[in-house]
Amino acid sequence: LLDANPDLRDARLLLAECSLAMARDPQYGRTQLHLLDAVRNFELGLAGADDAERARERRLLAECHYELGQFEEGSDAARRAAEGFAAQKGSDAQVGYATARLVGARCDYRRFVAVRQAELDAGQPDRTGVVPVGSEAAALATVAAAGFAEARLDHPGEAITQLAAIQMWLGRSGEVVREYE
């Protein structure tokens, strides 16, 4: 069907969702292949689509990128999904917005951790024993923390835990305790 009619957006997006479902089902092997297929079909199906009309599918695309370790792409897709949900009205749109922000924050957190770990591995501790936080790590930490803060109302467990983890990576043990309170 799609070979003969490559512009069938709904069919392409359905195929992408099926590939994502297969990737997440332990009965199917080759998870990476299914995720790559899902990304390809989501990107083709979402090309030129209005973000507000396809916010859910954009969030699913962000989840695929996250599961593939493509954190920058996942963050971008999640941001567009959140913008799409923000243009909608109602409580379902609010939950969709929070979930999209959560997915984006997960991606941003992983990017932050990679940069911070490199700093810790290569850096010299200051007189207090802490390796100073570089500007890139600080910026990524801020972005991730903002995403988790926006998701906090609808996803409190993960958001609070991850906000505390960010503080831990930054060497701010007092802030970790405050997050958990």
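In the block above lies the structure referred to throughout.
All figures in this text were calculated on a predicted structure; none of them were measured in a lab. (Residues numbered from 1 in each chain as written. Predicted model: local features only at pLDDT ≥ 70, side-chain atom pairs only at ≥ 80, totals over all residues. Heavy atoms only, no water.)

Novice: Teacher, can you tell me more about the overall build of the chain here?
Specialist: Looking only at helices and strands, one finds eight helices and zero strands in the chain. Starting at the N terminus, the α and β elements of the chain follow one another as α-α-α-α-α-α-α-α. In terms of principal-axis extent, the alpha carbons of the chain reach across some 65 × 35 × 30 Å. Looking at the chain residue by residue over its 181 residues, the buried ones come to 41%. Considering only intrachain contacts with a sequence separation of at least 6, the fraction spanning at least 24 residues in the chain is 55%. Only carbon and sulfur atoms are counted for the fraction: they give 52% of the accessible area of the chain, which is about 9,900 Å². (Helix = DSSP H or I, 4+ residues; strand = E, 2+ residues; numbered from the N terminus. Buried < 20%, exposed > 50% of the residue type's maximum accessible area, 1.4 Å probe, protein only. Contact = heavy atoms within 4.5 Å. Areas by Shrake-Rupley, 256 points an atom, 1.4 Å probe, with all protein chains shown as cover.)

Novice: When you look at the packing of aromatic side chains in this model, what are you seeing that I'm missing?
Specialist: Counted according to the given criterion, the structure contains three aromatic pairs. Each ring, one from Y109 and one from F112, has its centre 6.3 Å from the other, and the planes form 50 degrees; the classification is tilted. With a gap of three residues between them, Y109 and F112 both fall in helix α5 (residues 91–122), about one helical turn apart. As far as burial versus exposure is concerned, Y109 and F112 are alike and both buried. On the numbers, 6.4 Å between centres and 70 degrees between planes, the contact of Y109 with F148 is edge-to-face. A residue pair is termed long-range when its members are at least 10 positions apart, and Y109 in helix α5 and F148 in helix α6 (residues 135–151) qualify at 39 residues. Both residues of the pair, Y109 and F148, count as buried. Site record: aromatic cluster; members linked through ring pairs are Y109, F112 and F148. (Phe/Tyr/Trp six-rings, centres within 6.5 Å; stacked < 30°, edge-to-face > 60°.)

Novice: What am I meant to see in the side chain of S75 here?
Specialist: Following the sequence through the fold, S75 ends up in helix α4 (residues 71–86). In this structure S75 touches G104, C107, D108 and R111, once residues within four positions along its chain are discounted.

Novice: Looking at this model, I keep getting lost on the pattern of salt bridges. Mind explaining?
Specialist: Two side chains with opposite charge may pair up if their charged atoms get near one another. Per the counting criterion, the structure on display carries 15 salt bridges. Put simply, R24 and E63 hold a salt bridge, and the shortest N to O gap is 2.6 Å. Here E63 lies in helix α3 (residues 55–68) and R24 lies in helix α1 (residues 9–24), a separation of 39 residues in the sequence. Given a relative accessible area of 41%, R24 falls into the partly exposed group. D51 is the partner of R80 in a salt bridge, and the nearest nitrogen-oxygen pair spans 2.9 Å. (Salt bridge = Lys/Arg side-chain N within 4 Å of Asp/Glu carboxyl O.)

Novice: How should the side chain of D51 be read in this particular structure?
Specialist: Within the element layout of this structure, D51 appears in the loop between α2 (31–46) and α3. With a relative accessible area of 15%, D51 lands in the buried category. At 2.6 Å, the side chain of D51 and the side chain of R58 are in polar contact. Not counting residues up to four positions away in its chain, the partners in contact with D51 are R58, R80 and G84. (Polar contact = N/O pair within 3.5 Å; in protein donor to acceptor, adjacent residues only side chain to side chain.)

Novice: Explain the nonpolar core here, please?
Specialist: Nonpolar side chains in soluble globular proteins generally cluster together in the buried interior. Grouped together as the largest cluster of nonpolar side chains are 18 residues, with contacts concentrated most on L20, L35, F42, L46, L61 and C64. Elements supplying a minimum of two residues to this core: α1, α2, α3 and α4. If we skip the residues at most four places from it in the chain, L61 touches V39, F42, E43, L46 and A77. Membership of the second largest hydrophobic core comes to 17 residues, among which are L102, Y109, A137 and L163. (Core = buried A, V, L, I, M, F, W, Y, C linked by side-chain atoms within 4.5 Å.)

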